[in-house]
Amino acid sequence: MAEYMIYIWLGVILAAVVIEGLTAQLVSIWFVPGGLAGLIAGFCGAGDWIQVLIGAAVTLVCLIATRPLVKRVMKFRKEDTNAGRLVGQTGTVVESIDNVAAVGQVKIQGNVWSARSQGGEGIPQGQEVSVVRIEGVKLIVKPL
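Computed from a predicted structure; not experimentally measured.

## Section: the pairing of strand E1 (residues 90–98)
Argument step 1. Bridge analysis of E1 against strand E4 (residues 128–135) gives 3 bridges, and the strand direction is antiparallel. Residue pairing across strands places Thr-92 opposite Glu-128, the latter belonging to E4.
Argument step 2. From the end of E1 to the start of strand E2 (residues 103–108), which pair antiparallel, there are 4 residues, and Ala-102 there has a positive phi angle of about 55°.

Here you go:
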C-alpha cells in the first residue's frame, strides 16, 4: 500500500465526520464506513485502485441501504414561521373592509394588517373575522 493512501483515507474519514458534525443533516456520514473500508483494504495489501473501488462501493451500499430509513425517521417538515401562521386565526376589523374602494384593516395577534373580504362583501368595523389566506401583504378574511 502506498503510504500516502493512509493519509487520504484518514482525510476522507475526518472530513466526513467534520462536515456531518457541522450540518447534522446526514449528508456525509456514509463516507465514514467507505473510508474505513478503503483504509482496511490498504492495510490488507490492496492496490490503490482496489482501495478506491472498495471505499466507493461500501459508501454506495451504505447510502442505498440506509437513506430511505433515515428520510422516514428524520421527518423533515416545512413549517410557516411568520405570516403563514395567521391563516385560520381570528381577528377584529379595525377599519371597515370594502374591496371596491380597496380599504380595510384587521387587527390580529396585536398587529394591524390590510385586509380584503373573501366573498367581496363589505365587513363593518368591529366585526370578528377569520383569516382564509394571505395574498401579498393583505389578509383575505371572511366574517364569523
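## Observations concerning unusual backbone geometry
Trans peptide bonds make up most of the peptide bonds, and negative phi angles are found at most residues other than glycine.
Argument step 1. Of note in this structure, Ala-102 is not a glycine but carries a positive phi near 55°.
Argument step 2. Of note in the backbone geometry, Gln-109 takes a positive phi value of approximately 50° without being a glycine.

## Re the nonpolar core
Argument step 1. Listed in full, the 11 residues of the largest apolar core are Leu-86, Val-93, Ile-97, Val-106, Ile-108, Ala-115, Ile-123, Val-129, Val-131, Leu-139 and Val-141.
Argument step 2. Of all the secondary-structure elements, those providing two or more residues to this core are E1, E2, E4 and strand E5 (138–143).
Argument step 3. Contact partners of Ala-115, with chain neighbours within four places excluded, come to Ile-97, Val-103, Gly-104, Gln-105, Val-106 and Leu-139.

## So, the packing of helix H1 (residues 3–23) against helix H2 (residues 31–43)
Argument step 1. Closest axis-to-axis distance for the H1/H2 pair is 8 Å, and the angle between their directions is 165°. With respect to H2, the element H1 is oriented roughly antiparallel. Once H1 is placed against H2, the crossing between them reads as left-handed. Together, Ile-6, Trp-9, Leu-10, Val-12, Ile-13, Ala-16 and Val-17 of H1 and Phe-31, Val-32, Gly-34, Gly-35, Leu-36, Gly-38, Leu-39 and Phe-43 of H2 make up the contact between the two elements.
Argument step 2. In terms of residue class, the contact of H1 with H2 is made up of 12 nonpolar, 3 polar and no charged.

Conventions used here
- Residues numbered from 1 in each chain as written.
- Predicted model: local features only at pLDDT ≥ 70, side-chain atom pairs only at ≥ 80, totals over all residues.
- Heavy atoms only, no water.
- Pairing = 2+ DSSP bridges.
- Helix = DSSP H or I, 4+ residues; strand = E, 2+ residues; numbered from the N terminus.
- Core = buried A, V, L, I, M, F, W, Y, C linked by side-chain atoms within 4.5 Å.
- Buried < 20%, exposed > 50% of the residue type's maximum accessible area, 1.4 Å probe, protein only.
- Contact = heavy atoms within 4.5 Å.
- Axes fitted to C-alpha atoms, helices over the stretch in contact; angles between N-to-C directions.
- Parallel < 35°, antiparallel > 145°, perpendicular 65-115°, else oblique.
- Left-handed = near helix turned anticlockwise from the far one by under 90°.
- Nonpolar A, V, L, I, M, F, W, Y, C, P; charged D, E, K, R; others polar.

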